[in-house]
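Letter by letter, the chains look like this.
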Amino acid sequence: MKKKSFILYQEQGETFNALTKHKAGRLIKLIFSYVNGENPQIPEDLKPIFIPIRQQIDRNQENYEKVCKINKGNAEKRWGKEKQPQKNTKVYESMRPHANADDNDNDNDNDNDINTKKENTSYKKKAITKPLTPETKNKIWDILEVASVKAVAQQRRRRG
Amino acid sequence: MANLADIITLKDKAIKKIKSGFSLIDDLVDFRSGNSYLLAGYEKSGKSSFALGIIVNLLKQNKKMAFFNTELTDGEFLVALTALGHGITKKEAEEKPKLQEVTAKLLENNLYYAGISQLSKDGKLNFDMTMKLAQEAIDFGAEVFFFDNLTTYASQTSGGQKGWEVLAGSVSNVLSFTKLNNITSFIVIHTKPETVFNETPTGIRKLVDANETEKVFEKSVTVVRRPSGNDIYGGGGIRSQVSGTILIWRPFQLFDQKPHLQILTQIILENFRHTRGGSARYEFEGARGRFKEDLISQTLEANK
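Residues numbered from 1 in each chain as written. Chains lettered and ligands numbered in written order. Predicted model: local features only at pLDDT ≥ 70, side-chain atom pairs only at ≥ 80, totals over all residues. Heavy atoms only, no water.

A. Structural detail: the overall build of chain B. Scanning chain B from N- to C-terminus turns up 14 helices and 15 strands. Summing over all exposed atoms, chain B offers an accessible surface of approximately 14200 Å²; the carbon and sulfur share of this is 51%. (Helix = DSSP H or I, 4+ residues; strand = E, 2+ residues; numbered from the N terminus. Areas by Shrake-Rupley, 256 points an atom, 1.4 Å probe, with all protein chains shown as cover.)

B. Quick peek at the overall build of chain A. Secondary structure assignment for chain A yields six helices and zero strands. Taken from N to C terminus, the helices and strands of chain A fall in the order α-α-α-α-α-α. Sorting the 160 residues of chain A into buried and exposed places 37% on the buried side. Of the contacts made within chain A by residues no fewer than 6 positions apart, 56% connect residues no fewer than 24 positions apart. A total accessible area of about 10600 Å² is found for chain A, and carbon and sulfur atoms account for 50% of it. (Buried < 20%, exposed > 50% of the residue type's maximum accessible area, 1.4 Å probe, protein only. Contact = heavy atoms within 4.5 Å.)

C. Representation of the confidence of the model for chain A in the model. Residue and element names in this part refer to chain A. With 63% of its residues at a pLDDT of 70 or more, chain A shows a mean pLDDT of 68. Of all the helices and strands in chain A, helix 4 (residues 103-116) carries the lowest mean pLDDT, 36, while helix 2 (residues 21-35) carries the highest, 90. Low pLDDT, under 50, characterises residues 81-128; the stretch is placed with 77 contacts to residues that sit more than four places away or in other chains. (pLDDT = per-residue confidence, 0-100.)

D. Main features of the packing of aromatic side chains. Here the structure, examined in full by the defined rule, presents 23 aromatic pairs over all chains. Pairing Tyr34 of chain A with Phe50 of chain A gives two aromatic rings, centres 5.8 Å apart and planes at 80°, and the pair type is edge-to-face. Residue Tyr34 of chain A is found in helix 2, and its partner Phe50 of chain A is found in helix 3 (residues 47-79); the two are separated by 16 residues along the sequence. With a relative accessible area of 23%, Tyr34 of chain A lands in the partly exposed category. Owing to a relative accessible area of 1%, Phe50 of chain A belongs among the buried residues under this scheme. Here the aromatic residues Phe31, Tyr37, Phe67, Phe77, Tyr113, Phe146, Phe186 and Phe272 of chain B are joined through ring pairs into a cluster of three or more. We note Lys64 of chain B situated over the ring of Phe140 of chain B; from NZ or CZ to the ring centre the distance is 5.1 Å. (Phe/Tyr/Trp six-rings, centres within 6.5 Å; stacked < 30°, edge-to-face > 60°. Lys NZ or Arg CZ within 6 Å of the ring centre and 35° of its normal.)

E. Representation of the packing of helix 3 (residues 47-60) of chain B against helix 4 (residues 74-86) of chain B within the structure. All names here are of chain B. At a minimum axis separation of 10 Å, helix 3 and helix 4 run at an interaxial angle of 55°. In this view, helix 3 runs oblique relative to helix 4, as classed from their interaxial angle. Between helix 3 and helix 4 lies a crossing whose hand is right-handed. Of the residues in helix 4, those in contact with Ser49, Leu52, Gly53, Ile55 and Val56 of helix 3 are Phe77, Ala80, Leu81, Leu84 and Gly85. The residue makeup of the contact of helix 3 with helix 4, split by class, is seven nonpolar, three polar and no charged. (Axes fitted to C-alpha atoms, helices over the stretch in contact; angles between N-to-C directions. Parallel < 35°, antiparallel > 145°, perpendicular 65-115°, else oblique. Left-handed = near helix turned anticlockwise from the far one by under 90°. Nonpolar A, V, L, I, M, F, W, Y, C, P; charged D, E, K, R; others polar.)

F. Focus on unusual backbone geometry. Residues and elements named next belong to chain B. The peptide bond linking Asp148 to Asn149 adopts the cis configuration, its omega dihedral lying at 25°. Within the secondary structure layout, Asn149 lies in the loop between strand 8 (144-148) and helix 9 (150-155). For Lys44, which is not a glycine, the phi torsion comes out positive at approximately 65°. For Lys44, the location among the structural elements is in the loop between strand 3 (36-41) and helix 3. With relative accessibility at 70%, the residue Lys44 sits in the exposed group. For Asn62, which is not glycine, the phi dihedral falls at a positive 60°. Structurally, Asn62 can be placed in the loop between helix 3 and strand 4 (65-69).

In structure tokens:
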């Protein structure tokens, strides 16, 4: 599944700054050509700079696909295949496997959220519930304990 | 007449402690022979599943047990045990009659079982019959007894007896039987329906909204409040006679649409005679009838 966005990191700015404007321009065009699946020829002089960036992009894509697969599996397990609203479950549409998903995934989530907010509004209405974090669970228990005490007191008052 | 010192020595030697196999609970309390414990909760909160969980855990310790079942059909009982024992869902267990047969065979030497048909006389549940079979279970060698569910006897009263009288009478009988035979008994019983209330605590509504779940609490939802020993049928009278009460609290058990909330479970250990009691958090997987220990939130809570 191809994404509509990719990540460049702030620290990679150093690499760009170290290049001449001409080389930096060629590099960024090369990167766009690569992420758009055009399989560009890599000039010899840009190889040492481009290859680490390409490897990072590939790693992010792999992570994204892994998360998609996990989430698709989770969604199918919980809701059954017939209830899947779309053919492909995307990262931003589905349950997260864990509250602390890694940074790359978060970045991707955010990117995609921004990029696709409009086109996915109808789907958001059907959003699948995320699992509760342990902290939220603890807060829920605390509140329920207090609410229970109040409910008992209320029942006693009603009985007179 | 025996010397008092002899009696005390013999009695001490005879006390056997059993572990339920639920580690969070076993850390807080122990269950002793000669003592009876109530296992209570709102209807369908998972009391029978919890009892079956103890059975599966005790089987690993090769204990002999007896189960008197007035809640489930015999088939449902076997399916539930098969699911728990093999870590599969009840639906899967239902579709595997051979696995059910294997389970029944495995239990043959460890579990004395009586269902509604054995416990009834003239088409009605009969407590005298239950006690007669309980004696048979002693001969079988059972050390741990489950009476699931004594509330059912109270609902089938006869001869002008009131429900609570039948219930109190049956609990007293089980208590004496347990002491005399130096066994451990778990008496399953319902809590009263008044533990349910229809208000949604606003704090929870905010929290769940903040967690970006669907707007689940737009309308008020039915929540089961924390039960206590006073909410048990038969009330304080029954509670004071037993050596401890295990209460199952699933606040969102009636909230079908939200499985991630429905699983939240707290096991409350109240009025334990020999230990301090407390509470432990679990997640109840209804499809498997399994109580999973919720260790992460438990640890976070403990370290607060």
